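Residue-level listing of the chains:
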Amino acid sequence: MEAGGERFPKQRQVLILFILLGVAFAGWESRRYSVMEETMSGTLVANLAKDLGLGVGELAAREARVVSEDNEPRVQLDLQTGELILNEKLDREEMCGPTDPCVMRFQVLLKKPLGIFRAELVVRDINDHSPEFPEREMTLKILETSPPGTVFPLKTAQDLDVGNNNIQNYNISPNSHFHVSTRSWGDGRKYPELVLYKELDREEQAELRLTLTALDGGSPPRSGTTQVRILVLDVNDNAPEFAQTHYQVQVPENSPVGALIVKVSARDLDTGTNGEISYSFFYSSQEISTTFELSSISGEVRLIKKLDFETISSYELYIDASDGGGLSGKCSVSIEVLDVNDNSPELIISSLTSPIPENSPETEVALFRIRDRDSGDNGRMTCSIQDELPFLLKPSAENFYTLVTNGELDREIKAEYNITITVTDLGTPRLKTEHNITVLVSDVNDNAPAFTQASYTLRVRENNSPALHIGTVSATDTDAGANAQVTYSLLPPADPHVPLASLVSINADNGHLFALRSLDYEALRAFEFRVGACGRGGAARAGRCSVPEGPFPGHLVDVSGTGTLSHSYQYQVCLTGDSGSNEFKFLKPVLPNILGQDVGRKLDVKPTFQSSLGI
């Protein structure tokens, strides 16, 4: 379509690859703030007005707001003081689980002009959880022939806290045969091993009961305990051995429940019950135990819950193989969850303006941001609107877009636009989200009334009755509402000696013309109407009929008003008659350049009466 002399392009599509920016928008450097978890709601985090170098009043004037990555209103900005305060008591474990540090990313969005300040809030851990063992009691079967120095794995406690507040040490109740050694996995987590330092004698003592304690590094430390039941067995001189000590597997996140993840395998050279192997998790967090199932007989690990790459992208499993004689071996399994394109792009509207006044220059219609929770190409997006619309998408930092008008709009051409914003990711298969916006165009009084025809010819016999309806003029206005309501009026005649106000009147609402009294051809042979249509909208626009100078007495019917647009019409009225009839006529417009040359040719009367007009 064409409007305002400009042709809108047939296709506009904006492509942006969403990669985290290394620098902040508008010259502001990213800031990092911190707060202890469980801090009370309303606690001051920072003075953003000071950090941004802005006056407090400027935050309110620029409509500053806090936008978080997960849309959770955990902090709020006081526009009166510029202070960033906690909106709720934060639970680090609920927010981040085992992830350390626990970082909440957010932006401060300012308008007029657009500015984005990136910041991070680090929620620091406090020691508010005690270590917990998965069971109240664990049972170990140990051969009486086990030599001093033999190591037996123990089940591990878990602590929801992180860092120094997590488990740092294990100890066991005093006894004559065992002590506990605290070891570390590659990721820093601690696990206990029971170490035999004095030989056992089944005939002397067939069972021992010990208390295993896990302590964290808090101040003061917290602890958890479990009972260790030790059964002393007769000789079993071969422990199970896994085919490999570490397994690595990759699993698509859309794998169905029941899918086989991995099969571990161990063997034992003993026979009978001493060679029968049973598999189990010797470290199992709640997340692992609710996601994976391990067959104690086959060593198969299967899914019992759907995976979600966006929630957890990897798992570490620790598996124990125990024989019937109490000996065991261990292995670890690293599971990498592979992302699939299972999240559609999201579009969040921050502001929307409608209606938009016509004839306005480039105007912001909407401000929005988009995101996709997938990764790689699955999380990269394109954003577009329909072709040939008078609107543009302008990308800015941090996945924000501005929808603006592309040139001035004309309500008389189109009063409403339905805009579909389409966000498509680059994954396989491609997923898309569509968001519809209706933009109304409000009217501006930019069109003058226009009469429906260039000339009117009306006839009336002399000696008519008073208040006779002698004809109607009509004008229209392409604006809307009050701007399109037309009012008709008469201007004073050019010749003050013609008592036109006592001869003719016009209805202001409908343009009906009336003869106010009986007309006498012999008394008044001819006179002239500027008829005008205008001014009920705010800034009135008018159409006007003007009469050039000439030998004719004139009366003007005018399109009055304060606008600058006009359209002119001129009408001649005269009384004519012959032996058969007398008529009152509105004749065709008189042209100024020939008006004074030949009056007779401008009047639509019979030649026998032209010399008797007396004008």
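Reading the values: rules and limits
- Residues numbered from 1 in each chain as written.
- Predicted model: local features only at pLDDT ≥ 70, side-chain atom pairs only at ≥ 80, totals over all residues.
- Heavy atoms only, no water.
- Helix = DSSP H or I, 4+ residues; strand = E, 2+ residues; numbered from the N terminus.
- Buried < 20%, exposed > 50% of the residue type's maximum accessible area, 1.4 Å probe, protein only.
- Salt bridge = Lys/Arg side-chain N within 4 Å of Asp/Glu carboxyl O.
- Disulfide = S-S within 2.5 Å.
- Pairing = 2+ DSSP bridges.
- Axes fitted to C-alpha atoms, helices over the stretch in contact; angles between N-to-C directions.
- Patch = residues over 30% accessible without salt bridge, like charges linked within 9 Å, V, L, I, M, F, W, Y side chains within 5 Å.
- Areas by Shrake-Rupley, 256 points an atom, 1.4 Å probe, with all protein chains shown as cover.
- Lys, Arg positive; Asp, Glu negative; His and termini not counted.
- Charge placed at Lys NZ, Arg CZ, Asp CG, Glu CD.
- pLDDT = per-residue confidence, 0-100.
- Contact = heavy atoms within 4.5 Å.
- Polar contact = N/O pair within 3.5 Å; in protein donor to acceptor, adjacent residues only side chain to side chain.
- Phe/Tyr/Trp six-rings, centres within 6.5 Å; stacked < 30°, edge-to-face > 60°.

(A) Structural view of the overall build of the protein chain. From N to C terminus, the protein chain includes seven helices and 44 strands. Here the protein chain holds 615 residues, and the buried ones make up 45% of them.

(B) How the structure looks around the pattern of salt bridges. Applying the stated rule across the entire model yields 26 salt bridges. Among the ionic pairs, Glu 63 bridges to Lys 111, the shortest N-O distance being 3.6 Å. Separated by 48 residues along the polypeptide, Glu 63 in the loop between helix H2 (56-61) and strand S6 (65-68) and Lys 111 in the loop between strand S9 (102-110) and strand S10 (115-124) bring together distant segments of the chain. Judged by relative accessible area, which is 30%, Glu 63 ranks as partly exposed. Note on Lys 111: relative accessible area 12%, which makes it buried. Ionic pairing is found between Arg 183 and Glu 193, a salt bridge with its closest N-O pair at 3.3 Å. Pair noted here: Arg 183 is in strand S14 (residues 178-184) and Glu 193 is in strand S15 (residues 190-196), with a separation of ten residues, a long-range link. Given the relative accessible area of 41%, Arg 183 is considered partly exposed. Taken together, the salt bridges that share partners define one network made up of Glu 63, Lys 111, Lys 112 and Glu 364.

(C) Structural context of unusual backbone geometry. Cis geometry marks the peptide bond from Lys 112 to Pro 113; its omega dihedral reads 0°. Among the secondary structure elements, Pro 113 is positioned in the loop between S9 and S10. Of note, Glu 38 is a non-glycine position whose phi angle comes to about 70°, a positive value. Tracing the sequence through the fold places Lys 112 in the loop between S9 and S10.

(D) Representation of the state of the cysteines within the structure. Taken as a whole and assessed by the stated rule, the structure comprises one disulfide. Residue pairing for Cys 96: its cysteine sulfur links by disulfide to Cys 102, the two sulfurs lying 2.0 Å apart. Its torsion about the S-S bond being 65°, the disulfide of Cys 96 and Cys 102 is classed as right-handed. Comparing Cys 96 with Cys 102, the two get one shared label, buried.

(E) Looking closely at the sheet that holds strand S8 (residues 83-86). On the basis of which strands lie adjacent, the open sheet formed by three strands has the order S5-S8-S7 and antiparallel pairing. One side of each edge strand has no neighbouring strand; the edge strands of this open sheet are strand S5 (44-47) and strand S7 (75-78). Averaged over all neighbouring strand pairs, the angle between strand axes comes to 25°, with direction disregarded. Note that S5 and S8 share three bridges and pair antiparallel. Within S8, the position partnered with Ala 46 by the bridge is Leu 84.

(F) Geometry of a negative patch on the surface. Judged by side-chain charge, Asp 201, Glu 203, Glu 204 and Asp 234 come together as a negatively charged surface patch. Its place among the elements puts Glu 204 in the loop between S15 and strand S16 (207-216). We classify Glu 204 as exposed; its relative accessible area is 65%.

(G) Expanded view of the confidence of the model for the protein chain. In this model, the protein chain carries an average pLDDT of 80, and 81% of its residues clear a pLDDT of 70 or more. A low-confidence stretch, residues 1-26 stays under pLDDT 50, and its non-local contacts, those more than four residues away or across chains, total 57 contacts. Segment residues 544-615 is flagged for pLDDT under 50; beyond a separation of four residues in sequence, or across chains, it makes 222 contacts in the model.

(H) Layout of the sheet that holds strand S39 (residues 504-506). Spatially, three strands are ordered S36-S40-S39 in an open sheet, and the strand pairing comes out antiparallel. The sheet is open, and its two edges are formed by strand S36 (468-472) and S39, each paired on a single side. Neighbour-to-neighbour, the strand axes of this sheet turn through a mean angle of 30°, independent of strand direction. Pairing between S36 and strand S40 (residues 512-515): four bridges, direction antiparallel. Paired with Gly 471 across the two strands is Leu 513, which belongs to S40.

(I) Focus on the side chain of Thr 405. Position of Thr 405 relative to the elements: it lies in strand S32 (residues 400-405). Within the structure, Thr 405 has its side chain in polar contact with the backbone nitrogen of Thr 363 (distance 2.8 Å).

(J) Looking closely at the pairing of strand S24 (residues 300-303). Of the two faces of S24, only the one carrying Val 301 and Leu 303 is buried; Glu 300 and Arg 302 on the other face are not. For strand S20 (residues 260-263) and S24, the ladder comprises three bridges, and the chain directions are antiparallel. Looking at S24, one finds that Val 262 is bridged to Val 301. When strand S23 (residues 292-294) meets S24, the two strands line up antiparallel, connected through three bridges. Paired with Phe 292 across the two strands is Leu 303, which belongs to S24. If you look at the hairpin formed by S23 and S24, you'll find five residues sitting between the two strands, and Gly 299 has a positive phi there, around 80°.

(K) Structural context of the packing of aromatic side chains. What the rule picks out here adds up to ten aromatic pairs. The interplanar angle of 35° and the centroid separation of 4.4 Å between the aromatic rings of Trp 185 and Tyr 191 together place this pair among those described as tilted. For Tyr 191, a relative accessible area of 8% gives the class buried. Taking 6.2 Å as the distance between ring centres and 55° as the angle between the ring planes, the aromatic pair formed by Phe 282 and Tyr 318 counts as tilted. Remark: Tyr 318 occurs in strand S25 (residues 314-323) and Phe 282 occurs in strand S22 (residues 277-283); sequence separation between them is 36 residues. Taken as a pair, Phe 282 and Tyr 318 share a single burial class, namely buried.

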